[in-house]
Amino acid sequence: MDFLRPTSWADALDIKSGRPDATPIQGGTDMMVELNFDKGRPSALLDLNPCRELFEYQEIDGKIRIGSGVPYVRIINRLGNQLPGLAQASRTVGSPQIRNRGTVGGNLGGASPAGDAHPALLAGNAVVEVESAARGTRMIPIDDFYIWVRKNALEADELISAVWLPPAEGPQYFSKVGTRNAMVIAVCSFSIALYPSNGTVRTGIGSSGPTPLRAEPAEEFLATQLPWHDPAPLTDRVLREFGTLVSAAAKPIDDVRGTADYRKHALSVLARRTLGWAWTDYLTERKAA
Ligand SMILES: Cc1cc2nc3c(=O)[nH]c(=O)nc-3n(C[C@H](O)[C@H](O)[C@H](O)COP(=O)(O)OP(=O)(O)OC[C@H]3O[C@@H](n4cnc5c(N)ncnc54)[C@H](O)[C@@H]3O)c2cc1C
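Owing to the predicted nature of the structure, the values given are computational and were not obtained by experimental measurement.

**Here's the deal with the site of the ligand**
Stage number 1. In the vicinity of the ligand lie 31 residues, with Pro 24, Thr 29, Asp 30, Tyr 72 and Thr 103 positioned nearest.
Stage number 2. Here an oxygen atom of the ligand sits 2.6 Å away from a polar atom, N or O, in the main chain of Pro 24.
Stage number 3. Tyr 72 is positioned with one of its side-chain polar atoms (N or O) 2.6 Å from an oxygen atom of the ligand.
Stage number 4. Contact with the protein chains hides 87% of the accessible area of the ligand, taken as 980 Å² for the molecule alone.
Stage number 5. Among the secondary structure elements, those contributing two or more residues to the shell around the ligand are β2 (22-25), α2 (31-36), α6 (104-110) and β10 (159-165).
Stage number 6. Residue contributions to the shell around the ligand peak at four residues, all from α6.

Here it is, written out as structure tokens:
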């Protein structure tokens, strides 16, 4: 196996262009497990760690740009106020060691339906920035990024350079069900983001379909039911109907981590719960304003 070490991001793109078979490696928390368990042996590894620009995050024109090499721990420590949904999801990833090395870029690169960043990126309306030496930069809305199980929208010569998100303008939550509290792959997960400025809601479902999913009928239902301008507690009917619609949007299977029926049930609970938390925050913020 060739081990390719670029000297810069431009060099990495040139190498990927000439060697589309080269598999990128960032934190290595997925890749090294694959190699150690002999699940696949790429002809070449392209180490992105020398590309220091990937480790930066910044606010540009009102959006947060997170380089694909930024580890979860920095999102938790530095971006929790601006991106609470993604920070909550990041807190649930693995252990401190995994959060020190693992990245959202790697989660996107692997495109596992169980990856914890995905529901928060869907709810947060992210855009993935990818780049190739031949065609330059391409911005892929998160809704178009996940193609199938572990398959994303990247072309063979492209690498993920960053992910962009608008700072939260309303409450955001992420919650996941696992067999224990830490170091666990999600049985199912859910994220919600409220957008009070235009009265909309976005959602993300994880580990309950071939790809991470949005529950669009549930979002549309909520947008018409939330009393944005005359804030009042939500009725049990709204909470339950939202849970039912989220559950209906999932496409889970039975597997070693849980049955499809259990996942559907758990998602309806996560949806009701996270909506309850988000709406309580919204009411509190309105009162304080
Ligand atoms: C013990 C343990 C616990 C874990 N717990 C969780 C968990 O709770 N939740 C969770 O979601 N994940 C978990 N993971 C999986 C892993 O930590 C995450 O998926 C992490 O986000 C991977 O990031 P990385 O930088 O380490 O990726 P890497 O392992 O370096 O790469 C992962 C994939 O992304 C591709 N890739 C990396 N960078 C790029 C790029 N710039 N452009 C294109 N493709 C790229 C690689 O080729 C590879 O296919 C766990 C892993 C371990 C070992």
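**Focus: the environment of Ile 185**
Stage number 1. Here Ile 185 lies in the loop between β11 (172-177) and β12 (188-195).
Stage number 2. Linking Ile 185 and Ala 114, residues 71 residues apart in sequence, is a C-alpha distance of 6.7 Å.
Stage number 3. Apart from the residues within four sequence positions on either side, Ile 185 is in contact with Ala 114 and Arg 257.

**Considering the packing of aromatic side chains**
Stage number 1. Inspection of every chain in the model, using the stated rule, returns six aromatic pairs.
Stage number 2. Ring pairing ties together the aromatic residues Trp 228, Trp 279 and Tyr 282, which thus form one cluster.
Stage number 3. The ring of Phe 55 carries Arg 52 above its face, with NZ or CZ at 4.0 Å from the centroid.

**Things to note about the packing of helix α8 (residues 216-225) against helix α9 (residues 236-249)**
Stage number 1. Where α8 contacts α9, the two axes come as close as 8 Å, and the packing angle between them is 160°. Classed by the angle they form, the pair α8 and α9 counts as roughly antiparallel. Considering only the axes of α8 and α9, their crossing is right-handed. In this structure, α8 contributes Pro 217, Ala 218, Phe 221, Leu 222 and Gln 225 to the contact, and α9 contributes Arg 237, Val 238, Glu 241, Phe 242, Leu 245 and Val 246.
Stage number 2. Within the contact of α8 with α9, the residues separate by chemical class into eight nonpolar, one polar and two charged.

Criteria and thresholds
- Residues numbered from 1 in each chain as written.
- Predicted model: local features only at pLDDT ≥ 70, side-chain atom pairs only at ≥ 80, totals over all residues.
- Heavy atoms only, no water.
- Near = heavy atom within 4 Å.
- Polar contact = N/O pair within 3.5 Å; in protein donor to acceptor, adjacent residues only side chain to side chain.
- Areas by Shrake-Rupley, 256 points an atom, 1.4 Å probe, with all protein chains shown as cover.
- Helix = DSSP H or I, 4+ residues; strand = E, 2+ residues; numbered from the N terminus.
- Contact = heavy atoms within 4.5 Å.
- Phe/Tyr/Trp six-rings, centres within 6.5 Å; stacked < 30°, edge-to-face > 60°.
- Lys NZ or Arg CZ within 6 Å of the ring centre and 35° of its normal.
- Axes fitted to C-alpha atoms, helices over the stretch in contact; angles between N-to-C directions.
- Parallel < 35°, antiparallel > 145°, perpendicular 65-115°, else oblique.
- Left-handed = near helix turned anticlockwise from the far one by under 90°.
- Nonpolar A, V, L, I, M, F, W, Y, C, P; charged D, E, K, R; others polar.

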